[in-house]
Amino acid sequence: MATIASETVQDNQARLPEGWREEVDASVRWPVTAFIASGAFWLVIGSVLALIASFKFNHPEWLVEQGWLTFGRVRPAHLQTMIFGWISMAGFGVLTWLWARLLKTDMRLGWLQLVSVAVWNLAMVVGTIAILAGFSRSIEWVEFPLFVYVIIIGCIGIGAFPLFEMLRRRRVRHLYVSIWYIGAALLWGPFLLITFSLPIYEGVAHATANWWFAHNILGLWITPVGLAAAYYFIPKVIGRPIYSYHLSILGFWTLALFYNWAGVHHLVGGPAPQWAVTISIVFSVMMVIPVVVVALNHHMTAFGSLKAVLRSPTLRFIVFGAMSYTAVSLHGSFMSLRFWQELTHFTHHTIGHAHLGVYAFATMVMFGSIYYIMPRLMQWEWRSSGLINLHFWTTALGIGTYVVALTIAGVLQGLTLMDPGASFMESQFITEPWLYARSIGGTLMTVGHLVFGYLLYSIILKKGPQLDGPTYFAPVLRSETSSADSAA
Ligand code: HEM
Ligand code: HEM
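Residues numbered from 1 in each chain as written. Chains lettered and ligands numbered in written order. Predicted model: local features only at pLDDT ≥ 70, side-chain atom pairs only at ≥ 80, totals over all residues.

S.K.: Just to check I follow, could you spell out the confidence of the model for the protein for this structure?
M.R.: Keep in mind that low pLDDT regions are not for reading the predicted coordinates in detail. Scored by pLDDT, the protein has a mean of 93; 94% of the residues are at 70 or more. A low-confidence stretch, residues 1–10 (pLDDT under 50), is modelled with 8 contacts involving residues beyond four sequence positions or located in other chains. Low pLDDT, under 50, characterises residues 478–488; the stretch is placed with 14 contacts to residues that sit more than four places away or in other chains. (pLDDT = per-residue confidence, 0-100. Contact = placed C-beta atoms within 7 Å.)

S.K.: Can you help me understand the packing of helix H3 (residues 71–103) against helix H6 (residues 177–197) in this one?
M.R.: Axes are the key here: two packed helices are described by the angle between their axes and the distance separating the axes. Relative orientation of the contacting elements H3 and H6 amounts to 135°, with a least axis distance of 10 Å. Viewed along their axes, H3 and H6 adopt a mutual orientation that is oblique. With respect to the hand of their crossing, H3 and H6 are arranged in left-handed fashion. Each of Leu-95, Leu-98, Trp-99 and Leu-102 in H3 lies in contact with H6, whose residues at this interface are Ser-178, Ile-179 and Ile-182. The residue inventory of the contact of H3 with H6, partitioned by class, reads 6 nonpolar, 1 polar and no charged. (Axes fitted to C-alpha atoms, helices over the stretch in contact; angles between N-to-C directions. Helix = DSSP H or I, 4+ residues; strand = E, 2+ residues; numbered from the N terminus. Parallel < 35°, antiparallel > 145°, perpendicular 65-115°, else oblique. Left-handed = near helix turned anticlockwise from the far one by under 90°. Nonpolar A, V, L, I, M, F, W, Y, C, P; charged D, E, K, R; others polar.)

S.K.: Would you mind going over H6 with me for this structure?
M.R.: Along an α-helix, residues three or four positions apart point the same way, because every turn accommodates 3.6 residues. Between its first and last C-alpha, H6 extends 30 Å over 21 residues, near the 30 Å set by a 1.5 Å rise per residue. On its buried face, H6 is in contact with H3, helix H5 (146–168), helix H7 (203–238) and helix H8 (245–258). (Expected span 1.5 Å × (residues − 1).)

S.K.: Which parts of the structure should I look at to understand the site of ligand 1?
M.R.: As a matter of local geometry, ligand 1 sits amid 26 residues, with Met-287, Ser-329, Gly-332, Ala-354 and Gly-357 nearest to it. Among the elements of the structure, H7, helix H12 (313–335), helix H13 (338–344) and helix H14 (348–378) are those that each provide at least two residues to the shell around ligand 1. In the shell around ligand 1, the residues fall into 11 nonpolar, 14 polar and 1 charged. (Near = placed C-beta within 6 Å.)

S.K.: What should I look at first to understand the site of ligand 2 in this one?
M.R.: Among the 22 residues in the neighbourhood of ligand 2, the closest are listed as Ala-50, Met-82, Ala-354, Val-358 and Gly-442. Taken together, the elements giving at least two residues each to the shell around ligand 2 come down to helix H2 (20–58), H3, H14 and helix H17 (432–460). The class makeup of the residues in the shell around ligand 2 is 13 nonpolar, 8 polar and 1 charged.

S.K.: How should I be thinking about the domain arrangement of the protein in this particular structure?
M.R.: By convention, interface size is frequently given as the accessible area that disappears when the constituent parts associate. One can read the domain layout of the protein as domain 1 (19–174) and domain 2 (227–473). Computed over C-alpha atoms only, the centres of domain 1 and domain 2 are separated by 19 Å. Of all elements in the fold, only H2 and H3 reach the threshold of two or more residues within the side of domain 1 that touches domain 2. Among the elements that line the side of domain 1 that touches domain 2, the one with the most residues is H2, at 16 residues. Considering only residue class, the side of domain 1 that touches domain 2 consists of 16 nonpolar, 5 polar and 2 charged. (Domains from an automatic or database assignment.)

Below, the structure is given as C-alpha cells:
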C-alpha cells in the first residue's frame, strides 16, 4: 500500500511548480476563512440556545413568560443553527481547503464561494428568527421555513461549483480517499435536501422519509467530511502514509452502500412497515464493517505516535474525534436492536448518542482541522498554546460529562418507564442529577467555544505576537519538526 502511495506522490510531484502550496492557499484564503468564521459564529449562537434548553430541564419554569425562549422554540433553533450553521459551514471551509491541497490546484472562482457564504448566513438569520418567532415547520431536522432550505441548497451548489471546476484542472492523477468522501458529500448533501423538500410525502411515508433524511444528513453529509479530514490530517501530521489504501476504499464503498438503508431505525416500534424497520436494523448492524475498517486504518496509522498526538493540537482533537466516531457508530449499531430500542427510545440515552456523534466526533474533528488550516491560510500562528489547551480540556471534559451523564440517565429513565409499579414522574425525577451534570458539561463546552472564537478572531486579524514556529502543546526540538507540521 505504501508503494502505491509513494508511486503516486512521485508521479504527482514531477509536474508541480515551486511554491504551489502558497499559491493554492492564497487562492482559497478568504472563502475558507469566511466559511470557518461563519461556522464559529453559529457555534456560539447555537451554544447559547443549547444552554437555555439544558437549564430548562433543571428549572422548567425559567423563561416561560418569554414565548420566543420556550423549550419548543429554543431546541429546534439549537439543532438547526448547529447542523446547518456551525457544522455545515465550518465543514464547507475545511472541505474546500482539503480539496485545493489534495488536488494541488488553485481556486479561480473564489468569489462564488464568497457569495455563497454571505447568502447562506442571511438564510440562517432569517430561519433562526422564524423558529424563535414561532414559525417553525415542526418537522424534525427541517424546522426552518421551506424557502430557507431552497436558499441553502442554492448556496451549496454555488459553493461547490468552483470545486468541480478545480477538479477539471487538477494537477494530480490519483485521487486520495478524502477527495472521494468530499466529492460524494457534495452530491449527497443537496440530493438529500432536494428530495426531502419535495411536497410529496404524507402520513407514514412522511415519517419514513423524514428519518431517511435526518439520518443521511448525519451519515452522508456530516460524517464524510469528518472522515475526509481525519484521513488527511492523521497521516499528514504524523508524517507517514495511511496504513492501507485498499482498506480506505473498502470503507468508503461500504459506507456509501449501507448507510442509506439504516435511517428507519429511528422508527423502531413506530408506525412504519416492519419490513422497512427490519431492513434498517440489518443495515445498521452491517455498518460495523465500514466503521471497523476506518478505525483499523486510523489506528494503525497513528500506532506508536503517542508523542505526536500529545504535542500537536490538530492531532489531539482529531484523534479524540476519530475514536469517538468508532464509539458512536458501534453504539448506534447496538442501539438500533429492538430490545435496546424498547428500553432507550424516547429517553435521554438518544441525546447522549447524538452528541457523541455530532460533537465528540464531528465537532472535535472540525476544531482539529481548523487548528491546522488557519495558520497556513493567514501565515500567522495561534496566539497561545495555553488557550488551545484550555479549549481542548473544556470541550473534552464537557462532552465526556455530557455523554456519560445522559447515557446513564437514559437507561435509568427507560427502566423506570418500563416498570408498571412506577409513576411517570418517577421516571423524570430519577434523571434530575444527570441533567444537572449535562448543564455543567454544556457550560464547560461553551467556555471552550468562546476561547476558540477568541483564538480565531486573533488569528484572522493577526493580533498577538508573531511566533517563530508552529504552536505545540509541548516543546519540540527543531530537529523533530517535520515539514508537514510546520506552518509554511
Ligand atoms: C453505524 C453508525 C450509526 C448507527 C447504526 C446509529 C444508530 C442510531 C439510532 C438507532 C438512533 C435512534 C435512536 C432513537 O431514536 O432511540 C440514532 C440517533 C442519532 N444518531 Fe446515530 N448511529 C450511527 C452513527 C452516528 C453518527 C456518526 C452520528 C453523528 C455524526 C450520529 C448521530 C445521531 C443523532 C444526532 C441522533 C439523534 C437524531 C434525533 O433523534 O434527532 N449517529 N442513531
Ligand atoms: C454547548 C454544547 C451543547 C449543549 C449544552 C447542547 C444541549 C442540547 C440540548 C439540551 C438538546 C435538547 C435535548 C432534548 O430534546 O432532550 C440538544 C439537542 C441536540 N443538539 Fe445539542 N448541545 C450542544 C452542542 C451541540 C452541537 C455542537 C451540535 C451539533 C454539531 C448539537 C446538535 C444537537 C442535535 C442534533 C440535537 C437533537 C438530538 C436528538 O433529538 O436526539 N448540539 N442539545
